[in-house]
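This is what each chain is made of:
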Amino acid sequence: MNQTPKLLIYAAVLFAQVALAFFTEPGFYERAPLLLFLLLASFFAAAGMMSACTALVDANHPFKKSLKIAVPSVFALVVVVSWQALTQGYDVPQVLLPAPSEIIVAFFSNLPTLWADFRQTFLKAVIAGYLMGCISGFIVAQWAVKSRFLQNGLLPLGNFVSAIPIVGIAPIMVMWFGFDWPSKAAVVVVMTFFPMFINTLAGLQSVDALHKDLMHTYAAKKSQTFTKSQLPQAMPFIFNALKLNSTLALIGAIVAEFFGTPIVGMGFRISTEVGRMNMEMVWATILVAALAGSMSYGALALLERAVLFWHPSVRSGR
Amino acid sequence: MKESIFDKKWFAIVVFIIAITALWYAAALWMNGNQLVKTYERKNQEWTYSTIIAEAYQVKRPMLPPPHQVFAQWYKTVFDTKVTSKRSLVYHTMVTLQSTMLGFVLGTVLGVAIAIGIVHNRTMEMSFMPWVIASQTIPILAIAPIIVVVLGAINLTGVVPKAIISMYLSFFPVTIGMVKGLRSSDRMHLELMQTYNASNSQTFWMLRWYSAQPFLFASLKVAIAAALVGAIVAELPTGAQGGLGSRLLSGSYYGQTVQIWAALFMAALLGLSLVTVVSLFEKILLRRRGVSV
């Protein structure tokens, strides 16, 4: 069955909706409520398009890879376009919810401020805290794997910590380490330490008994067993913790800034611009945070692919 | 080989608790002592080590309050203050607990609904799943103040805005766990259902839902802890309206360290008991199913 005409109609509907949302005088839904049917039609068209693409992917179409990206992209497009259409169409005041186009404008016209905030929060506090937290978690975990005593004492502590809201220590850290970035880094260290510790320990313990015996028959030294057998086996666990921590670190640093900062930083920007009801700027800062969060996650995922090229979970994904 | 006392679990835990307490007292002495010495020197007063040691544990606004001071404050605000009073920690805990629970319930329902959609509809899986994962790489807690302010502008105040943030944080573990769980049914069982000509909903209620339950509870434990974090952070910008988060913020504004620590202690207690309640339900359910835990 040829689906091309159907897909063309879908694309035309989506195109019309985009044109309506982005290039029409605000307030169009109030003037012509019937335009809401176009919004409904665009949902329908997007759903039809996505299921058509999914069917093509499952049928091993030659463009399988790009189609796989197309499906979630269409979904995101519809969400953004509907957001734009509803805020513009009903002329929603900016204080409530700015339209995506306004956020983009605010983003590009405030680049220097946003860059300074990004440098303060991300490049200083998050990276320093993340590195310290992850490295110390790793070091303690490789001690603990050798000592039953440390394991027995630290694992319950780690489980305890995972149940409590750690971000709460932010005001204390601000009091101890001052307003500048070291206090935020300290919060990040505490937040990232235990996930790293628990995951690395689980990874180092996951080593196959056969591998252990094999290393033993090779008369490997302890350090050789560690680097050649234990560490590679633990890598998937370590990367899990690294990815989890990349989000935690950003949250910790931003929340800690609510408790006091010098006059720069993403958390500071959010809390002051909310006070001034300057919502496009707040959303632009969130856009920066979202970009930073997803890009660091993506970078770690790429690194994982490069390091773990031999692992079944990576190989099967190809 | 006989187990020595050093290999016992309780021994390590006891040693760790003692070590942490000792470290805490030492750090409190050092940090508060330094502060005291500075004040004395500024006032040009005489001081001796014995007076410093005696005073370091009774400072009104210490850098680090020793455990007994925190506990005394906690006891005072929990048991010696009327529950209706704004100074009562019980009152603030109830405020936080409300939004945590509402957010947790909403997040669980949403998470399960998305998971059911993803499992049954291939298009939904392909369009939704990447965004579910991406949603967690965005530091969503940063949005907490906006959601509270925006919803406040359309006269939606109180528990709902905070619950929405809790919901956002708690739906993710539930979705991921349930997708895994609903797909974890034995292949043979699924094929058996097909030979019985069972409908999708029959397969769901008689087989998939059943095999997903252990996964659901594992996710619920993560989700409820996340919901508590969401509720506390959401309370930061709402100012003095109440809740453990606002206790943290006002404590930090007025330098009331003991108040911060007492609120933190309460938050830890709350988080721990919430997770314990969920695992209790898990145990009851799994025992009824005949799985020994």
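The numbering scheme is per chain: residues are counted from 1 as the chain's sequence reads. Written order decides the labels, with chains lettered from A and ligands numbered from 1. The model is predicted, so local features are restricted to residues of pLDDT at least 70 and side-chain atom pairs to those at 80 or more, both for listing and for counting; the totals for chains, interfaces and linings are taken over all residues. The side-chain numbers reported here are obtained from all heavy atoms of the structure, hydrogens and water having been left aside.

Concerning the interface of chain B and chain A
This is how the line gets drawn: In what follows, a contact means two residues having at least one pair of non-hydrogen atoms within 4.5 Å. What gets called buried area is simply the loss in accessible area from a 1.4 Å probe that two parts show on being joined, summed for both. The term salt bridge refers to a pairing of a side-chain nitrogen on Lys or Arg with a carboxyl oxygen on Asp or Glu at a separation within 4 Å. In the analysis that follows, any N or O atom pair within 3.5 Å is treated as a polar contact, provided that within protein one partner can donate a hydrogen and the other can accept it, and provided that, for residues neighboring in sequence, both atoms belong to side chains. Numbered from the N terminus, helices here are DSSP runs of H or I no shorter than four residues, and strands are runs of E no shorter than two.
Contacts between chain B and chain A engage 52 residues on the former and 51 residues on the latter. Here chain B and chain A share an interface that buries about 4,400 Å² over both sides, 84% of which is from carbon and sulfur atoms. Linking chain B with chain A are 0 salt bridges, by the criterion used here. Here chain B and chain A share 2 residue pairs in polar contact (both at pLDDT 80 or more) between them. It is helix α5 (residues 122-137) of chain B that provides the largest number of residues to the side of chain B that touches chain A, a total of 10 residues.

Concerning the packing of aromatic side chains
Rules: For Phe, Tyr and Trp, where Trp contributes only its six-membered ring, two rings pair if their centres lie within 6.5 Å, and the inter-plane angle classes them as stacked under 30 degrees, edge-to-face over 60, or tilted in between. When accessible area is computed with a 1.4 Å probe and restricted to protein chains, residues below 20% of their type maximum are described as buried, those above 50% as exposed, and intermediate ones as partly exposed.
All chains considered together, the criterion is met by 21 aromatic pairs over all chains. Look at Phe118(A) and Phe122(A): their rings are 5.1 Å apart centre to centre, the planes differ by 10 degrees, and that puts the pair in the stacked class. With Phe118(A) and Phe122(A) both in helix α6 (residues 111-144) and 4 residues apart, this pair spans about one turn of that helix. The pair Phe118(A) / Phe122(A) is uniform in exposure class, with both members buried. Measuring from ring centre to ring centre gives 5.4 Å for Trp74(B) and Phe265(B), while their planes differ by 85 degrees; the resulting arrangement is edge-to-face. Placement of the pair is Trp74(B) in helix α3 (residues 67-79) and Phe265(B) in helix α11 (residues 257-288), with a sequence separation of 191 residues. The exposure class assigned to Trp74(B) is buried, which follows from its relative accessible area of 11%.

Some remarks on the environment of Thr261(A)
Residues and elements named next belong to chain A. Looking at where Thr-261 falls in the secondary structure, it is placed in the loop between α11 (222-257) and α12 (266-275). Counting along the chain gives 87 residues from Thr-261 to Val-174, while the straight-line C-alpha distance between them is 8.5 Å. Residues contacting Thr-261, with those up to four places away along its chain left out, are Phe-179, Lys-184 and Phe-268.

Some thoughts on the domain arrangement of chain B
Residues and elements named next belong to chain B. The condition is simple: A domain assignment, automatic or from a database, supplies the domain bounds used here. Side-chain classes are defined by residue name, with Ala, Val, Leu, Ile, Met, Phe, Trp, Tyr, Cys and Pro counting as nonpolar, Asp, Glu, Lys and Arg as charged, and the others, Gly among them, as polar.
Domain annotation for chain B reports domain 1 (5-64) and domain 2 (89-288). Distance between the C-alpha centres of domain 1 and domain 2: 38 Å. With 6 residues of domain 1 in contact, the opposing surface of domain 2 contributes 6 residues. Each partner contributes to the roughly 420 Å² buried at the junction of domain 1 and domain 2, and carbon and sulfur atoms together form 54% of this total. Along the contact surface separating domain 1 from domain 2 lie 1 residue pair in polar contact (both at pLDDT 80 or more). Tallied by class, the residues present in the side of domain 1 that touches domain 2 amount to 4 nonpolar, no polar and 2 charged.

Overview of the pattern of salt bridges
Residue and element names in this part refer to chain B. By the definition in use, this model includes 8 salt bridges over all chains. Note that Arg-122 is salt-bridged to Glu-125, the shortest N-O span being 3.2 Å. One end of the pair is Arg-122 and the other is Glu-125, both in helix α5 and 3 residues apart, which spans about a single turn. When its relative accessible area of 36% is taken as the criterion, Arg-122 is described as partly exposed. With a closest N to O distance of 3.3 Å, Arg-183 and Glu-125 form a salt bridge. With Arg-183 in the loop between α7 (159-182) and α8 (187-195) and Glu-125 in helix α5, the pair connects residues that are 58 residues apart, well separated along the chain. Through salt bridges with shared partners, one network takes in Arg-122, Glu-125 and Arg-183.

Remarks on a nonpolar patch on the surface
Applied cut-off: Exposure above 30% relative accessible area and the lack of any salt bridge qualify a residue for a patch; like charges then connect within 9 Å, and the nonpolar side chains Val, Leu, Ile, Met, Phe, Trp and Tyr within 5 Å. For the area figures, the Shrake-Rupley method with a 1.4 Å probe applies, and any residue is considered shielded solely by the protein chains shown.
A surface patch of nonpolar side chains, amounting to about 670 Å² of accessible area, comprises Trp115(A), Leu123(A), Ile127(A), Leu131(A), Ile135(A), Ile139(A) and Trp143(A). A relative accessible area of 34% places Ile127(A) in the partly exposed class.

Structural notes on α7(B)
Stated formally: To estimate the expected span of a helix, subtract one from its residue number and multiply by 1.5 Å. Bending is quantified residue by residue as the angle between axes fitted to the seven-residue window ending at that residue and the seven-residue window starting at it.
Given a rise of 1.5 Å per residue, 24 residues ought to cover 34 Å, and the 32 Å separating the end C-alpha atoms of α7(B) matches this to within 8%. A bend of about 30 degrees at Ser170(B) is the largest found in α7(B), and the proline Pro173(B) appears one to four places after it.

With respect to the UniProt feature "domain: ABC transmembrane type-1" (unreviewed entry) in chain A
Using the following cut-off: UniProt positions are given in the numbering used here, feature names are shortened, and annotations may be inferred rather than shown by experiment.
Using the residue numbers shown here, the UniProt feature "domain: ABC transmembrane type-1" (unreviewed entry) corresponds to residues 135-307 of chain A. Between the end C-alpha atoms of residues 135-307 of chain A the distance is 18 Å, and the span holds 83% helix and 0% strand.

Comments concerning the environment of Val255(A)
With respect to the helices and strands, Val255(A) occurs in helix α11. Each C-alpha atom, one on Val255(A) and one on Ala170(A), is 7.5 Å from the other, the two residues being 85 residues apart in sequence.

Re the UniProt feature "transmembrane region" (unreviewed entry) in chain A
Feature annotation in UniProt places "transmembrane region" (unreviewed entry) on residues 7-23, 35-57, 69-86, 122-145, 157-179, 185-204, 248-270 and 282-303 of chain A, given in this structure's numbering. Taken end to end, residues 157-179 of chain A is 65% helix and 0% strand, and its two terminal C-alpha atoms sit 29 Å from one another.

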